[in-house]
Amino acid sequence: PCLAAQLDHKSARVRECARRALQANPSPDATAALRRALAAAKDPIWAAGLINSLAARADADSLAALKVRLSSADTTVARAAAAALGSVGNTAALDALGQANTKGNAKVAAAVADARLACADSMLRSGSQDKAATVYAALFAKDQPSHVRIAALQGLLAARPNEAVALTMNVLSEDQPALQAAAANFIGNMPN
């Protein structure tokens with residue numbers, strides 16, 4: 001309670017120290033205090049810091065607060081919210097990222113793509129290969145930047161190992177040198 005009260009302190013240094021201390025505190029009350037402070041935050045830098053604290057906690061109960069900030073007009077806040085949703089990594093976070101309006105803001109679009117990859121990675125680690133593969137396939141679309149496609153290709157190969165040869169052969173036929181090199185590297189590193 002003493003630290004939570006300091007999140008409203010007039011000194012930015014005191015607020016920051018309280019935020020960091022609460023971020024490291026495993027109590028659910030600390031998470032709730034960070035969420036309340038985020039709801040009241042007007043300064044974008046302060047809001048981004050609070051979002052980063054919630055991201056470090058990977059708190060699924062913060063999804064509603066993060067979703068609100070994902071639509072922020074401030075690029076720093078929206079990018080932080082996207083990354084935080086990626087750290088939560090569940091289906092609800094993925095749904096929120098899928099609803100994000102990133103038109104006209106390449107930086108937010110890139111953060112959303114990275115966060116969607118993080119969600120898919122989390123799903124893959126938890127054994128949900130089909131869900132992960134669906135996300136990777138969407139991010140492997142030709143309209144995505146090459147670095148996103150390379151990461152999605154790697155995920156697809158892990159999620160659908162039986163389709164690895166066919167997928168890499170298709171990639172090798174594309175006129176995308178970076179993607180071709182990544183596919184060749186993946187083939188070279190596949191177990192026999």
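Fair warning: this is a prediction, and the values are worked out from it, not measured in the lab.

K.L.:
Explain a nonpolar patch on the surface to me, and be specific about the residues and the numbers.
P.N.:
On the surface, Val 165, Met 169, Leu 172 and Ile 187 cluster together into a nonpolar patch covering about 340 Å² of accessible area. With three residues, helix H11 (residues 164–172) is the largest single contributor of residues to the nonpolar patch. By the secondary structure assignment, Leu 172 is in helix H11.

K.L.:
Can you tell me about helix H8 (residues 106–125), naming the residues and giving the values?
P.N.:
The terminal C-alpha atoms of H8, which comprises 20 residues, lie 29 Å apart, in line with the 28 Å expected from a rise of 1.5 Å per residue. All of the buried residues in H8 are Val 108, Ala 111, Val 112, Ala 113, Ala 115, Leu 117, Cys 119, Ala 120, Met 123 and Leu 124. The secondary structure elements touched by the buried residues of H8 are helix H5 (63–70), helix H6 (75–88), helix H7 (91–98), helix H9 (129–139) and helix H10 (146–159). Where H8 begins, the side chain of Asn 105 points an oxygen toward the backbone nitrogen of Lys 107, at a separation of 3.2 Å. Just beyond H8, the residue with positive phi is Gly 127, at close to 95°.

K.L.:
Could you give an account of the packing of H10 against H11, naming the residues involved and the relevant values?
P.N.:
One way to put it is that H10 packs onto H11 with a least axis distance of 9 Å and a crossing angle of 160°. Relative to H11, the element H10 is oriented roughly antiparallel. Along its contact with H10, which presents Leu 153, Leu 156 and Leu 157, the element H11 presents Ala 164, Leu 167, Thr 168 and Val 171. Considered class by class, the residues forming the contact of H10 with H11 number six nonpolar, one polar and no charged.

K.L.:
Mind laying out the packing of aromatic side chains, listing which residues take part and the relevant values?
P.N.:
Two measures describe an aromatic ring pair: the distance that separates the ring centres and the angle between the ring planes. Under the counting rule described, the total for this entry stands at zero aromatic pairs. Its end group placed over the ring of Trp 46, Arg 15 keeps NZ or CZ at 5.4 Å from the ring centre. The ring of Phe 140 carries the charged tip of Arg 149 above its face, separated from the ring centre by 4.5 Å.

K.L.:
Break down the environment of Asp 143 for me, with residues and values.
P.N.:
Within the fold, Asp 143 resides in the loop between H9 and H10. By relative accessible area, which is 66% here, Asp 143 ends up exposed. Sequence separation of Asp 143 and Ala 118 is 25 residues, and the distance between their C-alpha atoms is 19 Å.

The rules we used
- Residues numbered from 1 in each chain as written.
- Predicted model: local features only at pLDDT ≥ 70, side-chain atom pairs only at ≥ 80, totals over all residues.
- Heavy atoms only, no water.
- Patch = residues over 30% accessible without salt bridge, like charges linked within 9 Å, V, L, I, M, F, W, Y side chains within 5 Å.
- Areas by Shrake-Rupley, 256 points an atom, 1.4 Å probe, with all protein chains shown as cover.
- Salt bridge = Lys/Arg side-chain N within 4 Å of Asp/Glu carboxyl O.
- Helix = DSSP H or I, 4+ residues; strand = E, 2+ residues; numbered from the N terminus.
- Expected span 1.5 Å × (residues − 1).
- Buried < 20%, exposed > 50% of the residue type's maximum accessible area, 1.4 Å probe, protein only.
- Contact = heavy atoms within 4.5 Å.
- Polar contact = N/O pair within 3.5 Å; in protein donor to acceptor, adjacent residues only side chain to side chain.
- Axes fitted to C-alpha atoms, helices over the stretch in contact; angles between N-to-C directions.
- Parallel < 35°, antiparallel > 145°, perpendicular 65-115°, else oblique.
- Nonpolar A, V, L, I, M, F, W, Y, C, P; charged D, E, K, R; others polar.
- Phe/Tyr/Trp six-rings, centres within 6.5 Å; stacked < 30°, edge-to-face > 60°.
- Lys NZ or Arg CZ within 6 Å of the ring centre and 35° of its normal.

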